[in-house]
Amino acid sequence: MTSADRQPTNRLGIRAGPARPLLERDGELAALQEAVAAARAGEGRLVAIEGSAGIGKSSLLAESRAIASGAGMRVLGARAGEHEAEFAFGVVRQLFEQALANASADQRAELLAGAAALVEPLFPALRPGPAPALADSPFAMQHGLYWLAANMAYLKPTCLIVDDLHWADGPSLHWLGYLVRRLEGLPLVVVAATRPPEQGNDAALLDELLTDPAALIIQPAPLTFPSITQLTRMRLGLEPAEAFCAAVAVATGGNPLFVGALLDAIAQERLEPTGAHARAVLGLGPRAISRAVSVRLGRLPPDSIAVARAAAMLGDGSALRHAAALAELDLVVAGRAASRLVRVDLFRAADPIEFFHPVVRSALYDTIDAGTRIVLHRRAAEILAAAGAPPERAAGHLLRVAPAGDPGVVHALRVAADRALASGAYTTAVEYLRRALAEPPEGEERFEVLLELGLAERRMGAPDAVGRLEAAMHAATEPTRRAWAGLEYGRTLFYANRLAGAITVLSEASDALGDDDPDLKERFDAEIIATARWVADFYPLAAERLAAIDETELHGGGGSAQLLATLAVDEAVRCGSREQATRRARQALAMGVLQDEDAIGYQHAVNALFMTGETEKACAAYEQPYGEPGDGETPSRCRTCLASSRTSGFDSVACLTPNPTFARDLSSAEPPRRPRLPSSGTPAHSQRS
Ligand SMILES: Nc1ncnc2c1ncn2[C@@H]1O[C@H](COP(=O)(O)OP(=O)(O)OP(=O)(O)O)[C@@H](O)[C@H]1O
Ligand SMILES: [Mg+2]
């Protein structure tokens, strides 16, 4: 008998904590030990434990935790929840929140040093008072989080443990991918457990992470016949017949979770492990867990059932008081009910509530009919919002509520979308806003949602953006708002390469605006010129509008910055005055508004600086709002800027990024030669020509 034989099994047939030693996992444990040792020596690693539900992933994670702590590493953990995919950076927050909160002020300053400071807004609990603005770029956040992890690891070798990665939110998954490509040289090991990608919330993203050459994949195998015999003998306390064990093996496929649950059901039915009972074993089957949950639930008083179901709605880690409110129970009564749930092994902890196993939560959730779920999700959202929980938590529930024209739902989803956008989680924001639109909102709010959604879709690169912004333009009742929507609609047509359409839309919207809003008018002019420059038929239009600009008459707002940038790049392209081009570009950038808009002006100013040889300034201006380009969701303007810089022959653009792959990619493209502006000094980029 091994020590696994002595491991206590709970009444659902699920072992309390990992069986030690785990059966048939020597190879996996050796690989984990090696990865931890390598990380300690500065060779960062990602180990992904991949397998079906109940195969023993979390048990291996528990072992990894023990191995890493035993090796003196800092261990940070997170577990994704089944219904938390829309909570942007939820997993990342779980990983770091506690460590940051527990750190002294000095340590925290070290952890958040340099680029890591960009992530501070993700952890509002760290600093009282109004939260600082989130970085308006996915790269800035990913880059900042990378540095937070790196700072952690440099201070003390670190192990990040992520369970149920298949349920992780997209931005956290993106970040793990970003991190994995930069693990070299870091004393950091990431150990993650996941079901196969196709069972994940974002199969493609998960697959990408798991197929990264830097990832070591561990796929725990089902238990073999000798182990199943051993577990049967231990659980039933009798020597089992071979045919009986063979039936257990067939019914469970050797899945440790199912083996445990099936043996529990066998014990409940008092089936002796004889050959004659082998058929009955096959009848019990691998659905034993949900059966065991329903049986256990059936024996509980109504209060406990209500708390169990409320908790299943809210998810693992929810506060008891929220479950109490959802179950419409007094907190003391709910507390007693939760303790009972701990005693019957449905919960592992009562507050915050922790389920014994994710399968238990799923089984509980499945006992709630669809109609009741909708009512409870709505109520859950209200409770969480009233309790001041992060808006994403409430929004996650609202996504599962049927549309009912409720302005409160629209508002809550817009707030969550705003936060998702601010952290660069465009896909999440789009999901919230699409649901908000389905509610549907009324009057001006419908215009606002359409506009916000269209802009978010544009950032995501979704073709729906064009139609959405067109609809926003038609939904606006107030002329200035209609003009703004028309401007964004026209810009989107430009990004979609529908240039003639863009010019028509921009010109009509500009004409309809009249002269009431000079700033907006300047924006239209800048946009029309920028678009017309790309279509030969419209060169005269661009020339006419350019000639009409009087630099001394500009109004000094965002539109003026756009026009100055337009003039700067025009001067450079025409090989006019270098001084003029540089001055206008600098002046436009110094106004500090260009980077706040998804307009071409920012690129124009930066490109003008590149073209006049002001490479360092262009690089600095470029890096400031975008962080490190080259990964994942590159915004359209970033990609365009890099592409146009490359085709313009600016070899020095490689200095934009420390990412070697990106630099290699750029330098491998042979740039076409183009004439340069007359120069008094030697521009950096001329050294290679
Ligand atoms: N190698 C093993 N030997 C014996 N028992 C095991 C082994 N691996 C797992 N178990 C037991 O099987 C059950 C399920 O394991 P675990 O929770 O680790 O699975 P999982 O793969 O994480 O499942 P899920 O995908 O649902 O999260 C637990 O009770 C665990 O103790
Ligand atoms: Mg698990």
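Before reading further, recall that the structure is shown in the block above.
In short, a report on the structure.

## So, the packing of aromatic side chains
- One pass over the structure, following the stated rule, counts 5 aromatic pairs.
- Measuring from ring centre to ring centre gives 5.2 Å for Phe347 and Phe355, while their planes differ by 85°; the resulting arrangement is edge-to-face.
- An aromatic cluster of at least three residues, connected via ring pairs, comprises Tyr146, Trp147 and Tyr178.
- Above the face of the Tyr178 ring, Arg182 is positioned so that its terminal group lies 3.7 Å from the ring centre.

## Re the sheet that holds strand E1 (residues 45–50)
- Taken together, the 5 strands give an open sheet; going across it, the order is E2-E3-E4-E1-E5, and neighbouring strands pair in parallel fashion. Each edge of the open sheet carries a strand with a single partner, namely strand E2 (74–79) and strand E5 (215–218). Going across the sheet, the axis of each strand differs from the next one's by a mean of 15°, ignoring polarity.
- Relative to strand E3 (residues 158–163), E2 runs parallel, the two sharing 6 bridges.

## Observations regarding the nonpolar core
- Within the largest apolar cluster, 127 residues are counted, with the highest numbers of intra-cluster contacts made by Phe96, Leu148, Trp175 and Leu179.
- The residues contacting Leu148, other than those within four sequence positions of it, are Phe96, Leu100, Leu111, Leu112, Ala116, Val119 and Phe123.
- Residues Leu23, Val259, Leu263 and Val281 belong to the second largest nonpolar core, which totals 22 residues.

## Describing helix H16 (residues 358–366)
- Most of H16 is tucked away: 8 of the 9 residues are buried.
- All of the buried residues in H16 are Pro358, Val359, Val360, Arg361, Ser362, Ala363, Leu364 and Tyr365.

## Quick word on the pattern of salt bridges
- Overall, the coordinates contain 32 salt bridges when judged by the stated rule.
- Here the salt bridges do not stand alone but share partners, grouping Arg414, Glu444, Glu445, Glu448, Glu452 and Arg481 into one network.

## So, the site of ligand 1
- Gly54, Lys57, Ser58, Ser59 and Arg195 are the nearest of the 21 residues found near ligand 1.
- Within the side chain of Ser58, one N or O atom sits 2.8 Å away from an oxygen atom of ligand 1.
- A distance of 2.6 Å separates an oxygen atom of ligand 1 from a polar side-chain atom of Ser59.
- In the complex, the protein chains occlude 97% of the 630 Å² of accessible area that ligand 1 would expose alone.
- Sort the elements by how many residues they give to the shell around ligand 1 and helix H2 (residues 57–70) lands first, with 3 residues.
- For the shell around ligand 1, the per-class residue count stands at 9 nonpolar, 7 polar and 5 charged.
- Of the domains in this structure, domain 1 (26–218) and domain 3 (294–368) are the two that each give at least three residues to the shell around ligand 1.

What counts, and where the lines are drawn
Residues numbered from 1 in each chain as written. Chains lettered and ligands numbered in written order. Predicted model: local features only at pLDDT ≥ 70, side-chain atom pairs only at ≥ 80, totals over all residues. Heavy atoms only, no water. Phe/Tyr/Trp six-rings, centres within 6.5 Å; stacked < 30°, edge-to-face > 60°. Lys NZ or Arg CZ within 6 Å of the ring centre and 35° of its normal. Pairing = 2+ DSSP bridges. Helix = DSSP H or I, 4+ residues; strand = E, 2+ residues; numbered from the N terminus. Axes fitted to C-alpha atoms, helices over the stretch in contact; angles between N-to-C directions. Core = buried A, V, L, I, M, F, W, Y, C linked by side-chain atoms within 4.5 Å. Buried < 20%, exposed > 50% of the residue type's maximum accessible area, 1.4 Å probe, protein only. Contact = heavy atoms within 4.5 Å. Salt bridge = Lys/Arg side-chain N within 4 Å of Asp/Glu carboxyl O. Near = heavy atom within 4 Å. Polar contact = N/O pair within 3.5 Å; in protein donor to acceptor, adjacent residues only side chain to side chain. Areas by Shrake-Rupley, 256 points an atom, 1.4 Å probe, with all protein chains shown as cover. Nonpolar A, V, L, I, M, F, W, Y, C, P; charged D, E, K, R; others polar. Domains from an automatic or database assignment.

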